[in-house]
Amino acid sequence: MEPKELAELVLREALGLGADEVAVAAVRSTSRQVRFANNEITVAKTWDSLQVHVYLAKDRRIVVTSLSNVDPGAIKEALKDLMSLLAVMKERPDYAPLPEGPFTYEPIPGLYDKALAELGEKAVDLVEEAINKALEAGGKRVAGTLAFGEEEAILLTSKNVEAGGRRTRAELVVRALADGESAGVGTTCGTRLKDLDPALAGEEAGRFAKLSLTLEALGPGKYDVIFGRPASAVFFDIVAGMTSAFYVDSGLSCFTNKLGQKVASEFVSIYDDARLEAGLGSRPFDDEGLPTARKAIIEDGVLKTYLHNSLTAKRHGTTSTANAGWIVPRPWNVVVRAGDRTDEELLAEVKKGLFVNNITYVRFQDYAKGDFSAVIRDGVFLVEDGEIRKGVKGLRLSDNVLNILSSVRALSKEARQVFHWWMEWGSPAVITPLVLAEKVGFTVPTK
Amino acid sequence: MKDLADLAVELALKMGADYAEARYHDDRANFYVLRNGVPEVAGFDRARGIGIRVLVQGALGFTSLNRPDRGLLERRVREAISMARASARMRKKPIRFSEEKAEEASWEARVKEPTEEVPLEEKMELLFDIDKVLTDPGEVGVHVPFRLLQLLESRSERYFVNSEGARISSIVPRVEFFSMITALEPNRGTEQDMVQEGASRGWEFIRELRPIELLRERTRALGKVLREGVSPPKGPVDIILGSEVVGLMVHESCGHPYEADRIMGREAAQAGESFVSVDMLGQRIGTEVVTVVDDPTLEGSYGYYLYDDEGVKARRRYLIKDGIINEFLHNRETAAVLGISSNAAARASGFDREPIVRMANTFMLPGDHELEELVEDIKLGIYIKTFGEWNIDDRRFNMRFIGREAYLIEKGEIRGPVRRPILEITTPGFYGSIDALDKNLAFSAATCGKGDPVQGVPVWLGGPNVRLRNVRLGGL
């Protein structure tokens, strides 16, 4: 069955069963992945999938489902089960109807690339290129993942929405290890084969690993720090994710009650841009079918908006920002406004501080306050008089989201699109330069 | 679609695979979410499909599909083989699997009260009843402005077949309660508390858990910490860690670094490697009172299984025995590298994921003391009962846990609450500081994430109350 046929079947059946409102997304995809470690390929994977996601509302109650069993009989059974579930749900006092269509959607260039869709076994060559570059640049053992694929999606709603499109994507992460704890990482991603630069990712990973060969322990304290692009991507994914009104209303955001307030230094502007050419998160419509648009989340340090779907917008007495998520609004492409310095000039501004290329394992003690810590890795260096002096080990980033935002002093001018496996807050991509922040807290183990 | 699993193995062998396996899943999960008293959403996920793995010329291929289409199956199996073959040139050493008995079995987790027989109304009402308690300051003694409550019930039916003759069918129902609450006290700020409890059981688990009472007690304690919590002491202290903290610490600092695929570098790109190397087997890592096991065979546990997702019969693994590094977690690939048998640690979170080395239920074995005995000879110390923030570096050497519910210990007695004591310690520092354990073994549930794409699998974490000597608390 074609995705459109499947979506039409669901819409027809659900309305026939008495649902007031229905939204259905059918997605057919073929995804592939080549993983590698110790300079060898460890596994090659292919996923074939046709899935359907359904939103039903009746009498101000909401239920949802995701189904990978797409036999017509199974779908009909699932819809009946959904209606039974609706019957025992309670009304939502903050219920809002789906947006009334039809809408027109301007196409976004660069989201589908036949060469990428047909890459197949040639992916092995790209992996080989990345590994070789990482080894040449100083890595001893190289690991990583090349993931790529295509999907075709269709969205239908009972409010006259019909939207769809196909897209391709690829992400390559390369991690090089030089010796024990010495490691570096490089990434490259895009919607087109020509966007991928395996040599660059490999070279960066190998170079950072080599630079980390001599590691020294530093004491705890507040340091000026330049965040590398992978680290910045993880940080701004958190920032953008925390502006989702769902998290704001759940105590999982440090931006609650801060609309219109200064939440960052004046150097910080962050945009959600679903219409970016060749953006990994670009899409002409959200999950409710509303046409998407570019918007400022934080501009010159001031929090401009939360991200909304129709439900959260009603709760907040505003209009949707076209960031649905049926339940949880989410960012599309997070764009961090670049500065005016080269990477080297930014480094030159640090008299004594750190360069932190990557952060992972971010965990919060208090989401509402923004207190967190994170593991730093894959290129952590002491910077003195604008130059990288030596690798540093044993430190942990321990600070607060709002403190770091307020301490940003400068950004470099070269922004790159980053996909990072640790972006837990739902951003498909973050486009970010290097970021310099002052007096950021770092701690060490005591025993 | 189940019959296509057998066909997939046949096809793969005909097309030139040296080994093939297929796993059919019919996974169903229902969820109910209440946010700040609003029935945010309810619904279900139903995933059905087949995952196929092949070994070809020493290279590994994987594919999955969810449509019962023979033509599609044939195409995807052929492609898995050709992708594996193409990647074989990028291998210096061929991948091999350890020799294992071809098991034929059928097993099921036993349930007293199937969740599908419990009226839907009762499940929603339970969440509303909890919310009612949390919003009554008379009940919990503190204002709780944010409340996220969730019930999850699932059933995983699996059929595994491989080209060596193994055939295993299983059914595992699970149930989970999750909550995340924020307590607020003017001038004192906020504190948050997360609870995750789960089991491979039926609704009887939720009844026994008594979530209303559990959250009432935890939220009262949280309010007390928020109102009365003092700063932790600066100098070296003795520390008692509660079961919940010990469980997560052994999961993170013993379970993960003893996963043989991490040790051998296969997860280096994302999750990372391990400070442990193969030649450290037999070396001392902790004091003699420390024994840590991982045991999938605990009936009713969240990480329960009798055969892993490579068809190998499960058993208890002694990771640390009397303070000595004793055994790693293996699948058939890592076991073959060391020339040993797998200890059945291969798990896949769904039909569309490859089985990789995972934990099941990881816990420190209890001692024979009472909690009071651990406390009575501490002059100055901290009792950290539950935790909030935590993390550990990618080699699993440098970890940090911040206490949520914590108390000062003075002259052998537990006193008032302490706010946010930070335990930032190395792995050998932790295991080398333990001098006593009490007899109260307890477990909590978690969803452990690993792999790319990430695979979340249900696990239990556990331990007794544990005493550490002479540790300085961390932070700036």
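Conventions and cut-offs
- Each chain carries its own residue numbering, running from 1 in the written order of its sequence.
- Chains and ligands are labelled by the order in which they are written, letters from A for the one and numbers from 1 for the other.
- Totals for whole chains, interfaces and linings use all residues, but because this is a predicted model, local features are given only for residues with pLDDT of at least 70 and pairs of side-chain atoms are given and counted only at 80 or more.
- Numbering goes from the N terminus for both helices and strands, where a helix is a DSSP run of H or I of at least four residues and a strand is a run of E of at least two.
- In this setup the radius of gyration rests on C-alpha atoms only. A globule is expected at 2.2 Å times the number of residues raised to 0.38.
- A residue pair is marked as a contact if its C-beta atoms, positioned from the backbone, fall within 7 Å.
- Backbone-placed C-beta atoms define the burial measure: a residue is buried with 20 or more other C-beta atoms within 10 Å of its own, exposed with 12 or fewer, and partly exposed in between.
- Here, strands pair whenever DSSP counts at least two bridges between them.
- Here an axis means a line fitted to C-alpha atoms, over the contact stretch when the element is a helix, while the angle between two N-to-C directions is reported on a 0 to 180 degree scale.
- In the scheme used here, Gly and all other residues not listed as nonpolar or charged are polar, with Ala, Val, Leu, Ile, Met, Phe, Trp, Tyr, Cys and Pro taken as nonpolar and Asp, Glu, Lys and Arg as charged.
- For every domain, the bounds stem from an assignment made automatically or drawn from a database.
- Every angle not falling under 35 degrees, over 145, or within 65 to 115 is termed oblique; those three ranges are roughly parallel, roughly antiparallel and roughly perpendicular.
- In this scheme the handedness of a crossing depends on how the near helix is turned from the far one: anticlockwise by less than a right angle means left-handed, clockwise means right-handed.

Visitor: Could you give an account of the overall build of chain A, with specific residues and numbers?
Guide: Broken down by element type, chain A carries ten helices and 20 strands. At 23 Å, chain A has a C-alpha radius of gyration in line with the 22 Å of a compact globule built from 447 residues. Expressed as lengths along the three principal axes of its C-alpha atoms, the size of chain A is roughly 70 × 50 × 45 Å. The long-range fraction of contacts in chain A, counting pairs at least 24 apart against all pairs at least 6 apart in sequence, stands at 74%.

Visitor: Describe the pairing of strand E16 (residues 387–392) of chain B, and please don't skip the residues or the numbers.
Guide: Of all six residues in E16 of chain B, five are buried, a share of seventy percent or more. Between the antiparallel neighbours E16 of chain B and strand E17 (residues 398–403) of chain B lie five residues, among them Arg396 of chain B with a positive phi of about 65°.

Visitor: Tell me about the sheet that holds strand E9 (residues 292–294) of chain B, residues and numbers included.
Guide: All names here are of chain B. Judged by pairing direction, the sheet is mixed, and its six strands sit side by side in the order E11-E10-E9-E14-E23-E22 without closing on themselves. Both edges of this open sheet fall to strand E11 (324–325) and strand E22 (442–450), since each of them pairs with a single strand only. When strand E10 (residues 317–321) meets E11, the two strands line up antiparallel, connected through two bridges. Its bridge partner lying in E11, Lys321 is registered against Ile324. Of the strands in this sheet, E9, E10, strand E14 (361–364), E22 and strand E23 (455–463) touch helix H7 (residues 243–255), which is tilted by about 125° from E23.

Visitor: Tell me about the interface of chain A and chain B, residues and numbers included.
Guide: Put simply, an interface is often sized by how much accessible area is lost when its parts join up. Taken together, the contact between chain A and chain B spans 72 residues of the former and 76 residues of the latter. The biggest single contributor to the side of chain A that touches chain B is strand E2 (residues 40–58) of chain A, with eleven residues. Residues belonging to the side of chain A that touches chain B are distributed by class as follows: 34 nonpolar, 19 polar and 19 charged. Where strand E3 (residues 61–67) of chain A meets strand E2 (residues 38–56) of chain B, five bridges bridge the pair, whose relative direction is parallel. Bridge assignment links Val64 of chain A to a residue of E2 of chain B, and that residue is Gly43 of chain B.

Visitor: Before we move on, can you summarise the domain arrangement of chain A with the specific residues and values?
Guide: All names here are of chain A. By the assigned domains, chain A splits into domain 1 (3–211) and domain 2 (215–443). Taking only C-alpha atoms into account, the centre of domain 1 sits 22 Å from that of domain 2. Across the boundary between the two partners, domain 1 contributes 39 residues, which contact 37 residues of domain 2.

Visitor: Any details on the domain arrangement of chain B? Residues and values, ideally.
Guide: All names here are of chain B. Examined at the domain level, chain B breaks down into domain 1 (3–228) and domain 2 (236–472). Inter-centroid distance (C-alpha atoms) of domain 1 to domain 2 is 21 Å. Of the residues lining the interface, 41 residues belong to domain 1; the matching set on domain 2 comes to 33 residues. Residue assignment for the side of domain 1 that touches domain 2 shows that the elements contributing at least two residues are strand E1 (19–35), E2, strand E3 (59–65), strand E4 (104–108), strand E5 (143–162), strand E6 (167–185), strand E7 (189–199) and helix H6 (211–228). Examining the composition of the side of domain 1 that touches domain 2, we find that six residues originate from one element, E7, more than from any other. Across the side of domain 1 that touches domain 2, the residue classes tally to 17 nonpolar, eleven polar and 13 charged.

Visitor: Break down the sheet that holds strand E20 (residues 422–426) of chain B for me, with residues and values.
Guide: Residue and element names in this part refer to chain B. Sheet architecture is open: three strands sit in the order E16-E17-E20, paired in antiparallel fashion. Bordering the open sheet on either side are E16 and E20, each of which pairs with just one other strand. Averaged over all adjacent pairs, the angle separating strand axes in this sheet is 10°, with direction ignored. Strand direction decides the pairing type here: E17 and E20, joined by five bridges, are antiparallel. When the sheet's bridge partners are listed, Asn398 is paired in E20 with Thr426. Across the sheet, H7 is in contact with E16 and E17; its angle to E16 comes to roughly 15°.

Visitor: Can you lay out the packing of helix H1 (residues 3–14) of chain B against helix H2 (residues 70–88) of chain B for me, pointing to particular residues and giving the numbers?
Guide: Residue and element names in this part refer to chain B. Between H1 and H2, the least distance of the axes is 10 Å, while the angle of their chain directions is 45°. Taken together, the axes of H1 and H2 lie oblique to each other. Relative to H2, H1 is oriented so that their crossing is right-handed. On the side of H1, the interface is formed by Leu4, Leu7, Ala8, Leu11 and Ala12, while H2 contributes Leu73, Glu74, Val77 and Ile81. Class assignment for the residues of the contact of H1 with H2 results in eight nonpolar, no polar and one charged.

Visitor: Can you explain unusual backbone geometry? Please cite residues and give values.
Guide: With the exception of glycine, the majority of residues adopt a negative phi angle, and the majority of peptide bonds are in the trans configuration. Omega for the bond connecting Ala324 of chain A with Gly325 of chain A falls within 30 degrees of zero, at 15°, which places this linkage in the cis form. Along the chain, Gly325 of chain A turns up in the loop between helix H8 (310–315) and strand E12 (333–336). Residue Pro453 of chain B is reached from Asp452 of chain B by a cis peptide bond, and omega for that bond is 0°. Inspection of the secondary structure puts Pro453 of chain B in the loop between E22 and E23. In this structure, Lys439 of chain A takes a positive phi of about 50° despite not being glycine. Mapped onto the fold, Lys439 of chain A is located in strand E20 (residues 435–443). In this structure Lys439 of chain A comes out as partly exposed when scored by C-beta crowding, with 15 C-beta atoms within 10 Å.

Visitor: I'd love a proper account of the pairing of E23 of chain B, names of residues and values included.
Guide: Residues in a regular strand point their side chains to alternate faces of the sheet. Residue and element names in this part refer to chain B. Among the nine residues of E23, eight are classified as buried, and the element is accordingly described as predominantly covered. Sheet topology places E22 next to E23; nine bridges connect them, and they run antiparallel. Within E23, the residue paired with Lys450 across the bridge is Gln455. In textbook terms, the turn of a hairpin is the stretch between consecutive antiparallel strands, and for E22 and E23 this stretch comprises four residues, one of which, Gly451, has a positive phi near 95°.

Visitor: Tell me what's going on with the environment of Ser310 of chain A, and back it up with residues and numbers.
Guide: Residues and elements named next belong to chain A. Following the sequence through the fold, Ser310 ends up in helix H8. Since 21 C-beta atoms lie within 10 Å of it, Ser310 is described here as buried. Through-space distance from the C-alpha of Ser310 to that of Asn323 is 9.1 Å; in sequence the pair is 13 residues apart. Each residue touching Ser310, except ones within four places of it in the same chain, is listed here: Ala96, Leu98, Pro99, Glu288, Ser320 and Ala324.

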